[in-house]
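Spelled out from the first residue to the last, the chains are:
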Amino acid sequence: MNLKKTLVAIAAVATFSSAAVAEKLSVAATPVPHAELLEFVKPALAEQGVELDVKVFTDYVQPNIQVDQKRMDANFFQHQPYLDEFNSGRGTNLVTVAGIHVEPFGAYSSKISSLDELKDRAVVAIPNDPTNGGRALLLLQEAGLIALKDESKITATPRDIADNPKRLNFRELEAATLPRILNQVDMALINTNYALEAGLNPSEDAMVIEGAESPYVNILVARPDNKDSDAMQKLANALKSDAVREFIKEKYEGAVVPAF
């Protein structure tokens, strides 16, 4: 009888310990490559006692709102300039946990194959959020198509253009919609995650693209109250592992570049 009670007690402790070790971590992410990278590290995290729950979003607003309102623990979809602008505009206080990769931003077209073919008064679509819109204009400036009043302003808009020799017409649209309207404009500046989702190959299809030295590193983001948690740090370390570096290089072939 005593032995039976002892065995039951041991089983109960073991069950409790197993439950105590396992920790859930919910992360909001855009589909490609962010959710794919998170799915890749799931098994390694499970071995460390972290159950990763990945929720896929297709916009750039809800992932931050969900984390700020504590509906999600973290998100993985944005770069630092976007986060800074979001925090400033929304009054949030989200913070960076780790920098993971760069998605070189590019210009695409279904009508022309090079920038030299871009005609006067061509219609160019760019993202309508401040940081990605500014990023698009900076890339066009680097390509010699326009000049900005402030050559380094990361939140530039078409109103900040000082010189526009080809008299390009700019349409500011939600970033996620740009691949879908590519055939309706002469050129679109598209975030790589959306380009990949649309079946575009940035290293082959982009007429101009950022280099690997881009300052727009995609980051894992959390709140001040949970950024240093054991589970969060395990996730950050997993995303910065050698295995992830090799996965990025092999799967995305230059369309995504490790930043660690």
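Residues numbered from 1 in each chain as written. Predicted model: local features only at pLDDT ≥ 70, side-chain atom pairs only at ≥ 80, totals over all residues. Heavy atoms only, no water.

Enquirer: Help me understand helix H2 (residues 31-47), please; the structure alone is not making it clear to me.
Expert: Owing to its 3.6 residues per turn, the α-helix brings residues three or four apart onto one side. Taking 1.5 Å of rise per residue, 17 residues should cover 24 Å, and H2 covers 24 Å from first to last C-alpha, within 8% of that figure. Along H2, the residues classified as buried are Pro31, Val32, Pro33, His34, Ala35, Leu37, Leu38, Val41 and Leu45. Backbone geometry just after H2 places Gly49 at a positive phi near 85 degrees. (Helix = DSSP H or I, 4+ residues; strand = E, 2+ residues; numbered from the N terminus. Expected span 1.5 Å × (residues − 1). Buried < 20%, exposed > 50% of the residue type's maximum accessible area, 1.4 Å probe, protein only.)

Enquirer: Just checking my understanding: could you explain the pattern of salt bridges for this structure?
Expert: Side chains bearing opposite charge may pair, as long as their charged atoms lie close to each other. If you walk through the whole model with that rule in mind, you get 9 salt bridges. Across the salt bridge formed by Asp53 and Lys55, the nearest N and O atoms sit 4.0 Å from each other. By relative accessible area, Asp53 is classed as partly exposed at 33%. Here Arg223 and Asp225 are joined by a salt bridge, their closest N and O atoms 2.9 Å apart. (Salt bridge = Lys/Arg side-chain N within 4 Å of Asp/Glu carboxyl O.)

Enquirer: I keep staring at unusual backbone geometry and nothing clicks. Help me out?
Expert: Peptide bonds are, in most cases, trans, and in most cases residues other than glycine have a negative phi. Here the residue pair Val32 and Pro33 is connected by a cis peptide bond, since its omega of 0 degrees sits within 30 degrees of zero. Position of Pro33 relative to the elements: it lies in helix H2. The phi torsion at Lys70 lies on the positive side, around 60 degrees, for a residue other than glycine. Tracing the backbone shows Lys70 in the loop between helix H3 (62-68) and strand S3 (74-79). The backbone phi angle of Glu253 is positive, close to 45 degrees, even though this residue is not glycine. Residue position: Glu253 is located in the loop between helix H9 (242-252) and strand S13 (257-258).

Enquirer: So what exactly am I meant to see when it comes to the side chain of Gln66 here?
Expert: Counting through the fold element by element, Gln66 comes out in helix H3. By relative accessible area, Gln66 is classed as buried at 12%. Residue contacts for Gln66: discarding those within four places in its chain leaves Phe57, Arg71 and Met72. (Contact = heavy atoms within 4.5 Å.)

Enquirer: What exactly am I supposed to notice about the environment of Ile181 here?
Expert: For Ile181, the location among the structural elements is in the loop between strand S9 (169-173) and strand S10 (187-190). Residues Ile181 and Leu52, 129 residues apart in the sequence, show an inter-C-alpha distance of 34 Å. Setting aside chain neighbours within four positions, we find Ile181 in contact with Ala125 and Leu173.

Enquirer: Could you clarify how one ought to interpret the confidence of the model for the protein in this entry?
Expert: Atom-level detail of predicted coordinates should not be read off regions where pLDDT is low. Averaged over the protein, the pLDDT score is 91; the fraction of residues at 70 or greater is 92%. The model gives residues 3-19 a pLDDT under 50, and that stretch makes 0 contacts with residues more than four places away or in other chains. (pLDDT = per-residue confidence, 0-100.)

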